[in-house]
Amino acid sequence: DPAQPKTDTTPVIRNIRISNLTATSTKNAGLIVGLPESEVSNVVLENVRITAETGLTIANAKEIKLKNVQVSVKSGPPLTTDKAQVEGSPTANEKP
């Protein structure tokens, strides 16, 4: 989608830290998705282990850091990005 003009109601999502998390999902490993006009920024995932059907998706985002992240998926890649600045990459474990 093309970027829309920013207004007072445009959401701002930034400065998020998730650490020491173990999770299992019947769907995807997670979504970090901003808007073209308002990217998600400054997110850190550290010591995170996720088992899911499909991988983690990061889009319209910048300053995303993955530290010691493991993603186990049944199908597809552990990480998919689109218009995203990501430092680090998840370790892909054996399929669950």
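Quantities reported herein were computed from a predicted structural model and do not represent experimental measurements. All chains use their own residue numbering, which begins from 1 and follows the written sequence. Local features in this predicted model are restricted to residues whose pLDDT is 70 or higher, and side-chain atom pairs enter the listing and the counts only when it is 80 or higher, whereas totals over whole chains, interfaces and linings include all residues. Side-chain metrics rest on all non-hydrogen atoms present in the structure, leaving aside hydrogens and water.

Peer 1: I'm lost on a nonpolar patch on the surface in this one. Help?
Peer 2: On the surface, a cluster of nonpolar side chains totalling about 280 Å² of accessible area is made up of Ile13, Ile16, Ile18 and Leu21. Along the polypeptide, isoleucine 18 turns up in strand β1 (residues 14-24). Note on patches: the residues involved have over 30% relative accessible area and no salt bridge, like charges join within 9 Å, and the nonpolar side chains Val, Leu, Ile, Met, Phe, Trp and Tyr join within 5 Å. To be clear on the numbers: accessible area is Shrake-Rupley with a 1.4 Å probe, and residue cover counts the displayed protein chains and nothing else. We define a salt bridge as a side-chain nitrogen of Lys or Arg found within 4 Å of a carboxyl oxygen belonging to Asp or Glu. Starting at the N terminus, helices and strands are each numbered in turn, a helix being any DSSP run of H or I of at least four residues and a strand any DSSP run of E of at least two.

Peer 1: Even after reading the chapter, I still don't get the nonpolar core, so can you show me in this structure?
Peer 2: Looking at soluble globular proteins, one finds that nonpolar side chains tend to be buried together. Within the largest apolar cluster, 16 residues are counted, with the highest numbers of intra-cluster contacts made by Ala29, Ile32, Leu45, Ile58, Ile64 and Val69. Tallying contributions element by element places strand β4 (residues 54-73) first for this core, with eight residues. Contacts are assigned to residue pairs that have any heavy atoms within 4.5 Å of one another. Setting aside residues up to four positions removed in sequence, leucine 45 forms contacts with Ile18, Ile32, Leu56, Lys65, Leu66, Lys67 and Val69. Take the buried residues of types Ala, Val, Leu, Ile, Met, Phe, Trp, Tyr and Cys, join any two whose side-chain atoms come within 4.5 Å, and each joined set is a nonpolar core. Each residue is placed in one exposure class: buried if its accessible area under a 1.4 Å probe, protein chains only, is under 20% of its type's maximum, exposed if it is over 50%, and partly exposed if it falls in between.

Peer 1: I keep staring at the environment of proline 11 and nothing clicks. Help me out?
Peer 2: As for its position among the elements, proline 11 is in the segment before β1. Sequence-wise, proline 11 and isoleucine 32 are 21 residues apart; in three dimensions their C-alpha atoms are separated by 14 Å. The residues touching proline 11, leaving out its near neighbours within four places in the chain, are Leu35 and Ser38.

Peer 1: Quick question: what am I supposed to make of the pattern of salt bridges here?
Peer 2: The tally for this structure, following the rule as stated, stands at three salt bridges. Across the salt bridge formed by glutamate 46 and arginine 17, the nearest N and O atoms sit 2.3 Å from each other. Of this pair, glutamate 46 sits in strand β3 (residues 40-52) while arginine 17 sits in strand β1, and the two are 29 residues apart along the sequence. Glutamate 53 serves as the salt-bridge partner of lysine 74, at 3.9 Å between the closest nitrogen and oxygen. Highlighted residues: lysine 74 in the loop between β4 and β5 (79-87) and glutamate 53 in the loop between β3 and β4, separated in sequence by 21 residues. On the accessibility criterion, lysine 74 (46% relative accessible area) is partly exposed. Judged by its relative accessible area of 33%, glutamate 53 is partly exposed.

Peer 1: What's the story with unusual backbone geometry in this structure? I'm lost.
Peer 2: When glycine is set aside, most residues are seen to have a negative phi, and most peptide bonds are trans. Here the phi dihedral of asparagine 60 falls at roughly 50 degrees; this positive angle occurs in a residue that is not glycine. Looking at the element boundaries, asparagine 60 is found in strand β4. Residue classification places asparagine 60 among the buried residues on the basis of a relative accessible area of 14%. Even without a glycine there, the phi angle at asparagine 68 is positive, about 55 degrees.

By themselves, these observations are geometric and do not establish any function.
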